[in-house]
Amino acid sequence: YWNGWFIDSTYQTRYEGGPLDGDIILYGQWLEIININWYSNNELVQTDKKLEFETIDSLTLAPIEGYAFEGWYIDPDFKTRYDFESELLADINLYAKWTKIHTITFVTNGGVALPSQEVLDGAKLQASIATTRDGYQFDGWYTDYAFTTKYNFDSEVHSDMTLYAKWLKKIY
């Protein structure tokens, strides 16, 4: 793409024409046309063209039920997030990162009801989740109704789950 004539080698000042008072050195600038390929779930969803040194805005995708959009990455393994303030220098592939959302349901067993929570896959549940029940002391969250396995809040969430509140009767 022909971008025009400039009076400096850094292409900052465009030559606008007009009468000359002597010899002048002009610098011509050609810009590359850059292809931006947008991928979501391993499918090409859109291709855009921009000029070299331009920046781009994030492509907005339709939501996918049960997943959270976590940004655009320059690699399909989602190691490096794309910086939308950087100038385009070469063709680029951008990959949408989607993370599964898991639902955590709380059975309070007579305690004050709690809404279910949505947690991203690999995240940890907050240990401060508590409920109250008159005449009882809260004894923690368990992964089973028989209260044999106490939930470990240091573990990552990788599936939907139900947690059960265990209570101890207060003795006065």
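Refer to the structure above for everything that follows.
Residues numbered from 1 in each chain as written. Predicted model: local features only at pLDDT ≥ 70, side-chain atom pairs only at ≥ 80, totals over all residues. Heavy atoms only, no water.

Let's shift gears to the overall build of the chain. Each helix and strand counted, the chain has zero helices and nine strands in total. Along the chain, helices (α) and strands (β) appear in the sequence β-β-β-β-β-β-β-β-β when read from the amino end. Relative to the globule expectation of 16 Å for 172 residues, the C-alpha radius of gyration of the chain, 29 Å, shows a markedly less compact shape. Here the chain holds 172 residues, and 30% of them are scored as buried. (Helix = DSSP H or I, 4+ residues; strand = E, 2+ residues; numbered from the N terminus. Rg over C-alpha atoms; globule rule 2.2 N^0.38 Å. Buried < 20%, exposed > 50% of the residue type's maximum accessible area, 1.4 Å probe, protein only.)

Let us look at the pattern of salt bridges. Any two side chains of opposite charge can pair if their charged atoms end up close together. The full count for this structure, using the stated rule, is one salt bridge. Two residues, aspartate 139 and lysine 166, come together in a salt bridge whose shortest N-O distance is 3.7 Å. Taken as a pair, aspartate 139 in strand E8 (residues 136-142) and lysine 166 in strand E9 (residues 161-169) lie far apart in primary sequence, 27 residues in all. Judged by its relative accessible area of 22%, aspartate 139 is partly exposed. (Salt bridge = Lys/Arg side-chain N within 4 Å of Asp/Glu carboxyl O.)

Evaluated as defined, the whole model comprises 17 aromatic pairs. Both rings, one in tryptophan 38 and one in tryptophan 72, keep their centres 4.8 Å apart while their planes meet at 75°; by these two values the pair is edge-to-face. Taken together, the positions of tryptophan 38 in strand E3 (residues 33-40) and tryptophan 72 in strand E5 (residues 67-73) put the pair 34 residues apart, joining distant regions of the chain. For tryptophan 38, a relative accessible area of 1% gives the class buried. For tryptophan 72, a relative accessible area of 1% gives the class buried. Relative to tryptophan 167, the ring of phenylalanine 138 lies with its centre 5.4 Å away and its plane at 65°, an arrangement referred to as edge-to-face. Here phenylalanine 138 is found in strand E8, whereas its partner tryptophan 167 is found in strand E9, with 29 residues between them in sequence. Take phenylalanine 138: its relative accessible area is 24%, and that puts it in the partly exposed class. Exposure remark for tryptophan 167: the relative accessible area of 11% places this residue in the buried category. Among the aromatic side chains, those forming a connected cluster through ring pairs are Trp38, Phe69, Trp72, Tyr82, Phe84 and Trp98. (Phe/Tyr/Trp six-rings, centres within 6.5 Å; stacked < 30°, edge-to-face > 60°.)

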